Amino acid sequence: MWAIRFLNGKLAGQEIPLQEGKYILGRSDDCQITIPDPGISKKHAELEIDEQGAIIVDLQSSNGTFLNGVQVQESAIHNKDKVSLCQTTFDIVRASKQSLAPTPFHPHLQGGMPPAHPQALAHYGGGYPPPQHALQQMPSIDGQAQQDPSQSVEEPVKLTLKNWCKNYMDKVVLPGVYKLPVWLEFKWVIASIMIFFVATMTCLSAIPLIQILNSSVTQESMNHAESIATTLARMNYETIKNQMHSAASVEYALRRPGVVKAFIIKAESGKIIAPAEQTHTYSKIPFVNEGRRKEGNSIKKIDSNTVAAMVPIQFYNKKTNAHSAEAYSVVIYKMGTLAMGKTISLLVQTCFIALVLGVFLFFFLYKMIEYPIVSLNKQLSSALKDDSLSVQTDYDFIPLQNLTDNINSALSRISAAQESNQNKSEYDRMTEMNHLIEMIGYPTLGIDMESMKVQAASALFEEETGVSAERILNCLVQDIDDQALKLNLSNLLERVQQYPHEMASDSLEFSGVEFQLSAKGVYGKEGLAYTLISFIQMNQEQEQAG
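My aim in this report is to walk through the structure given alongside it, one point at a time. The model shown is predicted, which means the values in this text are computed figures rather than measured ones.

Calculation notes
- Residues numbered from 1 in each chain as written.
- Predicted model: local features only at pLDDT ≥ 70, side-chain atom pairs only at ≥ 80, totals over all residues.
- Heavy atoms only, no water.
- Helix = DSSP H or I, 4+ residues; strand = E, 2+ residues; numbered from the N terminus.
- Buried < 20%, exposed > 50% of the residue type's maximum accessible area, 1.4 Å probe, protein only.
- Contact = heavy atoms within 4.5 Å.
- Areas by Shrake-Rupley, 256 points an atom, 1.4 Å probe, with all protein chains shown as cover.
- Core = buried A, V, L, I, M, F, W, Y, C linked by side-chain atoms within 4.5 Å.
- Polar contact = N/O pair within 3.5 Å; in protein donor to acceptor, adjacent residues only side chain to side chain.
- Pairing = 2+ DSSP bridges.
- Salt bridge = Lys/Arg side-chain N within 4 Å of Asp/Glu carboxyl O.
- Axes fitted to C-alpha atoms, helices over the stretch in contact; angles between N-to-C directions.
- Patch = residues over 30% accessible without salt bridge, like charges linked within 9 Å, V, L, I, M, F, W, Y side chains within 5 Å.
- Lys, Arg positive; Asp, Glu negative; His and termini not counted.
- Charge placed at Lys NZ, Arg CZ, Asp CG, Glu CD.
- Expected span 1.5 Å × (residues − 1).
- Arc of directions from axis to C-beta.

This part is about the overall build of the protein. On a plain count of helices and strands, the protein comes out with 14 helices and 21 strands. Looking at the protein residue by residue over its 546 residues, the buried ones come to 36%. For the protein, long-range pairs separated by at least 24 residues make up 46% of all intrachain contacts whose partners lie at least 6 apart in sequence. For the protein, the computed accessible surface area is about 32700 Å², with 55% contributed by carbon and sulfur atoms.

Below is the structure:
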C-alpha cells in the first residue's frame, strides 16, 4: 500500500495512506487531500494510485507541478520521487505501519477516501486525515454522525524529561546558537566552537590525568626523599661514629628543592642531634617515633602533600655482635613543587595536542560545510548563464537535498516564464495608434518605428496641410515626395530614437502657413513601437498661449 509523505510546509511529517483510486490535491476543502498553501490552486493536481505506483496530472494550476525539480503536465511517480506544488513538497512511499490505521470507507468518494468535513479539516490545519477523535464528530454524506469503532479519545501528551529537554533545546538554546553567524563571520563561529571544545576537553582530561599523576608524583617524591636521607646519613657517618655530635650537619638536605625539614636524631632517645638550634629537643612528628621502631629505612606519606624518609646510621656493636642504629637521618619532603611542575607540563602538552588536532578538525569541518554551498553556487551561476534546468549535490543530507530540489524547481519556473515571454508576440498596434490619433485634436501622423512607414493619418492632416494622405500612407518616410516634409520627419524620428523619453519639436510651412511639429515615441514590448507627430498651426498655438 502506498502513502503520501509531506516533507515541508504545515503538513510536514504527516504520512497519509492511499488506496487505489484518484485523488484531487489542492487548496480547496472540496479536494480529497487539502493542502494549506496559498500558492497552490484550489484544484491543483490529480493523483492516481495503482499497485505499481502513482501518476500525477497537473490540472492547469497557476504555479505548475514539479517532479524532482522539473515541471510536468503528467508523469509517473516512483518510490521516493519528490513532487512540489508551489512551496509544498511530498513524496510517494510504501505506507508505514503507523499510517495503516483503519479509515472509514465511503463509496461516493473516489479512491475510498473517508468523507472529510471542510470545517473539521480547516480546524486541523487543512491536512488529511484529522485525528480520530475529530472523525467521531464528522457528519457523513447521509447526515449521520460517524462514530469511531474504538470510541477512544486521544490522551494529552505527557510532559516527559525527553520532551522537556527537546523543547528547551529548540526554543531556548538553538535560537541563540543560530544568531552566532549573524554576529560573527561563519568561519569564526566554527573556530570559536572548536576553541571551546579544545579548552573543555583539556580541562576534563586533566581530572583523570592529575589523579594518575598524583600517584606517580607520590612514588617519585618518596624515592627522592629516601635518596636525600641516605646521602645525609652517609655524610654524617664518621661524625656520629666518633661521637662528634656537635659537628653533625643537615645543610646539604635543607638546600635540596622540596625539603622543608631535615634533622639527625639519636636512635635510643630520639633527641635531635642536628641542626644545632634544635639540639636536645624532640621531633613532634609521629612518623619519627614509628621509624625508630624499625630496623631499616622508613618512608611514608604523612599528609596529602608531604612525605617523610628515615635512614638509620648503623655501626657494628661488639656486645651484640651485630649492626645496630646509633642515629637516624630524617628528611621531610614537600611534593608540591614536583607535582605542580609536572601538572603544568602535562596540561600544556595535552592542550597543545588538542589544539593541533582542533586546527585540523576545524579545517576539514569548515571545508566539508563550505564545499556543497560553493558547488551549488557555481552550478546555479552556470545554470542562470546557460539556461540549464538543474543543479545537484552528492551529499546524503536531506536538508541540502531539499534545497537542491527547490533550486531546481525555481530554475524550471524561471525557464518556463522566459519561454512564455518569448512566445508572446507583439500585438498589432495599429488599433491603438488610430485611437490615439483620433483623440488628438490636431493633424497627426502615426509612423511605425520598425518599418519606418507612415501607417496612419488623421482626417485633419490632409484638410489643414494640403498634403494628400493617400500619397504618404504605407509609404516609407524616405520615399515621401515632399522633400521638406521628408527631411523634417526624418529629423524628428532620429531625435526620438536618440532621446525616446523626450518630445522632439520642429517647424514646417505648408502653403504659407507655418506649423509646429511635435513628435513623441510610444514604447512596445521590445522598444519603440511607433511615433506620433502632430502638426499645430503657429497662430493657433499663440492664441491658446494668450
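Locating Glu268 in the fold gives a position in the loop between strand E12 (259-266) and strand E13 (272-274). Classification of Glu268 as exposed rests on a relative accessible area of 76%. Sequence separation of Glu268 and Arg292 is 24 residues, and the distance between their C-alpha atoms is 8.2 Å.

Now for the nonpolar core. Counting residues in hydrophobic clusters, the biggest one holds 26 residues, and the most contacted among them are Ile240, Ile264, Ile313 and Val331. Mapped onto this core, the elements with two or more residues apiece are helix H4 (186-235), E12, E13, strand E15 (306-317) and strand E16 (322-334). In contact with Val331, not counting residues within four places along its chain, are Ala225, Ile228, Ala229, Leu232, Ala253, Val259, Lys261, Val307, Ala308 and Ala309. Formed by 24 residues, the second largest nonpolar core is a distinct cluster that contains Tyr23, Ala45, Leu47 and Ala54.

Turning next to the side chain of Thr444. Topologically, Thr444 is positioned in strand E17 (residues 444-448). Residue Thr444 is classed as buried on the basis of its relative accessible area, which comes to 0%. One polar contact links the side chain of Thr444 to the main-chain carbonyl oxygen of Tyr442, over a distance of 2.9 Å. Not counting residues up to four positions away in its chain, the partners in contact with Thr444 are Ile437, Ala456, Ala457, Ser458, Phe461, Leu532, Ile533 and Ser534.

Right, let's get into the sheet that holds strand E3 (residues 21-26). Note on sheets: strands pair through backbone hydrogen bonds, and any given pair is parallel or antiparallel. Ordered in space as E4-E3-E5-E6-E9, the five strands form an open sheet in which the pairing is mixed. Across the chains shown, the open sheet's two edge strands, defined by having one partner strand only, are strand E4 (33-34) and strand E9 (74-77). Summarising the sheet, E3 and E4 pair through two bridges and their orientation is parallel. For Leu25, the partnering residue across the bridge sits in E4 and is Ile33.

So, about unusual backbone geometry. The omega torsion of the bond from Ala274 to Pro275 falls at 10 degrees, within 30 degrees of zero and hence cis. Mapped onto the elements, Pro275 comes out in the loop between E13 and helix H7 (286-292). At Asn68, a residue that is not glycine, the phi angle is positive and equals roughly 55 degrees. Looking at Asn68, the relative accessible area reads 35%, which means it is partly exposed. Of note, the phi angle at Gln243 is positive, near 60 degrees, even though the residue is not glycine. Structurally, the position occupied by Gln243 is in the loop between helix H5 (237-241) and helix H6 (251-254). Look at Gln243 and you get exposed, because its relative accessible area is 54%.

Evaluation of the coordinates by the stated rule reveals five salt bridges. Taking the shortest distance from any N to any O, the salt bridge between Glu290 and Lys300 comes out at 3.3 Å. In this pair, Glu290 is assigned in helix H7 and Lys300 in strand E14 (residues 298-303), connecting sequence segments 10 residues apart. Residue classification places Lys300 among the partly exposed residues on the basis of a relative accessible area of 36%.

Moving on, we come to the sheet that holds strand E1 (residues 2-6). Spatially, E2-E1-E11-E10-E7-E8 is the arrangement adopted by the six strands of the open sheet, whose pairing is antiparallel. Each edge of the sheet is formed by a strand with only one pairing partner; in this case those strands are strand E2 (15-18) and strand E8 (70-72). Across the sheet, the mean angle from the axis of one strand to that of its neighbour is 30 degrees, orientation sign disregarded. Where strand E7 (residues 65-67) and strand E10 (residues 82-85) come together, three bridges link them in antiparallel fashion.

Moving on: a negative patch on the surface. A cluster of acidic side chains, namely Glu20, Glu48, Asp50, Glu51 and Glu74, defines a negative patch on the protein surface. Along the polypeptide, Glu74 turns up in strand E9.

Time to look at the environment of Asn68. Among the structural elements, Asn68 can be located in the loop between E7 and E8. Considered as a pair, Asn68 and Ser409 are 341 residues apart in the sequence and their alpha carbons are 7.8 Å apart. Apart from the residues within four sequence positions on either side, Asn68 is in contact with Asp81 and Lys82.

With nine of 10 residues buried, strand E21 (residues 528-537) lies mostly within the body of the structure. Pairing analysis gives five bridges linking E17 to E21, with the strands arranged antiparallel. Considered in E21, the bridge of Gly446 is made with Leu532. Relative to E21, strand E20 (residues 513-523) runs antiparallel, the two sharing nine bridges. Following the sheet pairing, Val522 is matched in E21 by Tyr530. In this structure, the hairpin formed by E20 and E21 is closed by a connection of four residues, where Gly527 is found at a positive phi of approximately 145 degrees.

End to end, helix H13 (residues 483-498) covers 23 Å across 16 residues, agreeing with the expected 22 Å (1.5 Å per residue, within 8%). Within H13, burial applies to Leu485, Lys486, Asn488, Leu489, Leu492, Leu493 and Val496. Buried residues along H13 cover an arc of 165 degrees about the axis, so they all sit on one side. Tucked into the core, H13 has its buried residues touching E17, strand E19 (504-510), E20 and E21. Regarding H13, its N-cap is Asp482, as a side-chain oxygen of that residue lies 3.2 Å from the backbone nitrogen of Ala484 further along.

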